[in-house]
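Given next are the chains, with one letter for each unit.
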Amino acid sequence: MQDYKNPNLVLETAQVEPGSITWRSPSNLAIIKYWGKHGRQLPKNPSLSLTLSSSFTDTLLEYRPKESGNRDISLEFTFHGEPNEPFRDKVLKYLENVTDMFPFLRQLDLTVRTGNSFPHSAGIASSASAMSALALCLCSLEHELFGTLDDDADFDRKASFTARLGSGSACRSIFPVAALWGQIGEAAGSSDYWAIPMADHVHAVFKDFHDDILIASAEAKSVSSRAGHGLMDGHPFADARFADAKRKMHFLLEAMRKGDLETFGSIAESEALTLHALMMSSTPSFTLLKPNTLEMMERLRRYREETGHPVFFSLDAGPNLHVLYPGDIVHEVRPFIEEELAPLCEDGKYLQDWAGEGPVQV
Ligand code: DP6
């Protein structure tokens, strides 16, 4: 296994010109969920996600030769222009954790300025966009300073590996349209250590797929991911769950290749409900769905039955409903969302998102 440890990435500090790097990186929505991990951020089952567009994090990394001679990571940090100690601590811990891959980080004064496109209170998990944006900045910095990572595929793979160490789901945000994380026999190059791009293996319908996020509750805190994944250790249904995810992956890959929306949708919904069923049946147990989440699911199913439109739902580890549908029916589905689902949302709030092109260096 390539672990990217590289003690040679050490600077002649006098030669470094101060500079900055900015990446915009999107969130992603898992269709088959990553829930349960082991070792150094390795998944217990493969997962597959759609890369989103309008939910993203912008991260600016400034660097200059370190003034002090000490070996600690030197970090200034702002979130939406304000200092934020809890987030700074998280980033600092992360940077310390990856100094085996990027030893030069100890030789620089670093400033990270970051912010999300979506409101913090929207109950949207930001770790995928935030950690992927930061990982991309680190890989660009390595390239800038050492001229490594010339090849795009090498760059993306290292960025995905690096993002995974910050947050598992973040490794999937590196790629446009869709990404697969976790080793499975039927996907060449797939790995537990990084995600692989799937855009070339999915039908065109998924390149223009919508994911509108209905905010059933902005306040409800989702289970922290560390606690959530921990719930799978010793979970009575764990083995069956991991086997089920692998089995579903086989059918999902085929459905996405062919553009079979019925199968895609039924797997997406089954995975969403399985994730919540696992949380409800773990010890301790969590019920994150709100009455309005269930009501929205009911209305969506009724709408699908009445119209025959391929509209499906998914959920993250929280109460907000992700409404999934192909772009060619956006003009039919939006009025349904506006009239029947949005009134069930907190302050009528929902976010429009869609499958996107992946991260961009700004
Ligand atoms: C339910 O990636 O947030 O969104 O690796 O501990 O940071 P950590 O977990 P995280 O877990 C995501 C869980 C999920 C499903 C998914 O995105 O696959």
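Check the entry above for the structure.
In this text the structure is predicted, and so the values were computed from the model without any measurement.

Trainee: Would you mind going over the overall build of the protein in detail, with residue names and values included?
Mentor: A count of helical and extended segments in the protein gives eight helices and 13 strands. Computed over the C-alpha atoms, the radius of gyration of the protein is 21 Å, within 12% of the 21 Å expected from 2.2 N^0.38 for a compact globule of 362 residues. Overall size of the protein, expressed as C-alpha extent along the three principal axes, is 70 × 45 × 40 Å. Residues counted as buried form 55% of the 362 residues belonging to the protein. Taking contacts inside the protein between residues at least 6 apart in sequence as the whole, the part at least 24 apart equals 74%. Carbon and sulfur atoms provide 49% of the accessible area of the protein, an area that totals close to 15,500 Å².

Trainee: Summarise helix α7 (residues 291–307); cite the residues concerned and give the values.
Mentor: Relative to the 24 Å expected for 17 residues at 1.5 Å per residue, α7 spans 24 Å between its end C-alpha atoms, a close match to the ideal helical length. The set of residues buried in α7 consists of T293, M296, M297, L300 and Y303. End-on, the buried residues of α7 take up no more than an arc of 125°, which puts them together on one face. In α7, those exposed residues whose orientation departs by more than 90 degrees from the buried face are P291, E305 and E306. Buried residues along α7 sit against β9 (209–214), α6 (261–280), β10 (312–315), β11 (321–326) and α8 (330–341).

Trainee: Hey, could you go over the sheet that holds β10 for me, with residue numbers and the actual values?
Mentor: Read across the sheet, four strands follow the order β10-β11-β9-β12 without closing on themselves; strand pairing throughout is antiparallel. Strands with a single pairing partner mark the edges of an open sheet, and in this sheet they are β10 and β12 (350–351). As paired strands, β9 and β12 are joined by two bridges and run antiparallel to one another. The partner of I213 across the bridge, within β12, is L351. Running over the sheet, α6 touches β9, β10 and β11 and is turned about 30° from β10. Along the sheet face, α8 touches β9, β11 and β12 and points at about 160° away from the line of β11.

Trainee: Mind laying out a negative patch on the surface, listing which residues take part and the relevant values?
Mentor: On the surface, E305, E306, E338, E339 and E340 cluster together into a negatively charged patch. Contributions of two or more residues to the negative patch are made by α7 and α8. Looking at the negative patch, the element that brings in the most residues is α8, giving three residues. Mapped onto the secondary structure, E340 falls in helix α8. By relative accessible area, E340 is classed as partly exposed at 33%.

What counts, and at which threshold
Residues numbered from 1 in each chain as written. Predicted model: local features only at pLDDT ≥ 70, side-chain atom pairs only at ≥ 80, totals over all residues. Heavy atoms only, no water. Helix = DSSP H or I, 4+ residues; strand = E, 2+ residues; numbered from the N terminus. Rg over C-alpha atoms; globule rule 2.2 N^0.38 Å. Buried < 20%, exposed > 50% of the residue type's maximum accessible area, 1.4 Å probe, protein only. Contact = heavy atoms within 4.5 Å. Areas by Shrake-Rupley, 256 points an atom, 1.4 Å probe, with all protein chains shown as cover. Expected span 1.5 Å × (residues − 1). Arc of directions from axis to C-beta. Pairing = 2+ DSSP bridges. Axes fitted to C-alpha atoms, helices over the stretch in contact; angles between N-to-C directions. Patch = residues over 30% accessible without salt bridge, like charges linked within 9 Å, V, L, I, M, F, W, Y side chains within 5 Å. Salt bridge = Lys/Arg side-chain N within 4 Å of Asp/Glu carboxyl O. Lys, Arg positive; Asp, Glu negative; His and termini not counted. Charge placed at Lys NZ, Arg CZ, Asp CG, Glu CD.

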